[in-house]
Amino acid sequence: MLLSPCVPLLFMGEEYGEDAPFVYFVSHSDPGLISAVREGRKREFISFEWQGEPPDPQDEATFQRSKIDWLKREKGNHRALLEFYRTLISMRRESPVLFRPDRAGLEVEGFEGDRLVMMRRRHEGQEVLIMFNFNITAVSCTAPEAAGAWKKTLDSADPAWNGPGSSLPEEVTPGQELTLQELSVVVYGGA
């Protein structure tokens with residue numbers, strides 16, 4: 001999302017992997033409104049095939065379960081994910097190619113069988129190649145054509161992001177075979 005031309009929206013600690021559920025809650029004083037909200041939620045939960053009673057939106061415990069824990073962002077995997085998001089935000093802010101919030105110069109190609117997406121973004125002679133591997137196994141692909149070599153600027157498989165380690169080279173030439181680690185994203189800038 002942060003590498004797309006869309007306006008990124010982060011929700012409820014997403015940037016550090018908050019695992020507290022966000023449950024709908026209210027704090028109404030009108031008994032009729034409270035009852036209507038409770039009944040409405042029960043009807044909605046039927047379509048979810050929910051087992052048991054849904055969380056009571058008026059109950060203080062429902063609110064407490066939904067509170068995010070800001071201290072998580074300072075520890076372990078949560079900290080690594082937060083740093084990854086910060087890096088992506090920095091890249092987006094500093095790169096004119098990634099900063100532009102429009103689809104001009106955008107080219108996307110999907111490889112459904114491999115669960116791989118290649119996205120190229122161009123602006124005023126600059127180019128970025130972004131490859132997303134949504135597969136649970138490593139996937140091979142061919143580096144697309146470019147004016148020169150592609151230089152790696154980010155690889156989520158890097159151990160710094162708690163990845164398994166990258167096998168991708170720092171510089172790639174068009175037509176070169178690449179293997180992306182499972183569930184990863186890599187960004188190359190055009191030289």
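In case you missed it, the structure is sitting above this.
Residues numbered from 1 in each chain as written. Predicted model: local features only at pLDDT ≥ 70, side-chain atom pairs only at ≥ 80, totals over all residues. Heavy atoms only, no water.

> How would you summarise the sheet that holds strand S1 (residues 106-111) if you had to cite specific residues and measurements?
Taken in spatial order, the six strands line up as S1-S2-S3-S8-S5-S6 in an open sheet, and their pairing is antiparallel. Sheet topology places S1 and strand S6 (171-172) at the edges, where each strand pairs with a single neighbour. Examined bridge by bridge, strand S5 (residues 150-155) and S6 share two bridges and lie antiparallel to one another. Note that in S6 the partner of Trp150 across the bridge is Val172. Docked against the sheet, helix H3 (residues 76-94) engages S5 and strand S8 (184-190), running at close to 140° with respect to S5. (Pairing = 2+ DSSP bridges. Helix = DSSP H or I, 4+ residues; strand = E, 2+ residues; numbered from the N terminus. Contact = heavy atoms within 4.5 Å. Axes fitted to C-alpha atoms, helices over the stretch in contact; angles between N-to-C directions.)

> Talk me through the packing of aromatic side chains; I want residue IDs and the actual numbers.
For the structure shown, the criterion picks out eight aromatic pairs. Pairing Phe11 with Phe22 gives two aromatic rings, centres 5.2 Å apart and planes at 85°, and the pair type is edge-to-face. Note that Phe11 is positioned in the segment before helix H1 (31-47) and Phe22 in the segment before H1, a separation of eleven residues in sequence. Of the residues examined, Phe22 reaches a relative accessible area of 46% and is grouped as partly exposed. (Phe/Tyr/Trp six-rings, centres within 6.5 Å; stacked < 30°, edge-to-face > 60°. Buried < 20%, exposed > 50% of the residue type's maximum accessible area, 1.4 Å probe, protein only.)

> Account for unusual backbone geometry, naming residues and giving values.
In most cases, non-glycine residues show a negative phi, while peptide bonds are predominantly trans. The phi dihedral of Met12 falls on the positive side, at around 50°, and the residue is not glycine. The partly exposed category is assigned to Met12, whose relative accessible area is 29%. At Asn162, a residue that is not glycine, the phi angle is positive and equals roughly 65°. If you trace the backbone, Asn162 turns up in the loop between S5 and S6.

> Provide a residue-level description of the nonpolar core, including the pertinent values.
If you look at the biggest cluster of nonpolar residues, it comprises 15 residues, and the most contacted ones within it are Leu3, Ile130 and Val187. When contributions to this core are tallied by element, the ones reaching two or more residues are H3, helix H4 (96-99), strand S3 (126-133) and S8. Of the residues forming this core, the biggest block, four residues, is contributed by H3. Here Ile130 is in contact with Leu3, Leu98, Val117, Met118, Met119, Arg121, Val185, Val186 and Val187, once residues within four sequence places are set aside. In terms of nonpolar packing, the next biggest core, distinct from the first, is built from 14 residues, Leu116, Cys141, Leu178 and Leu180 among them. (Core = buried A, V, L, I, M, F, W, Y, C linked by side-chain atoms within 4.5 Å.)

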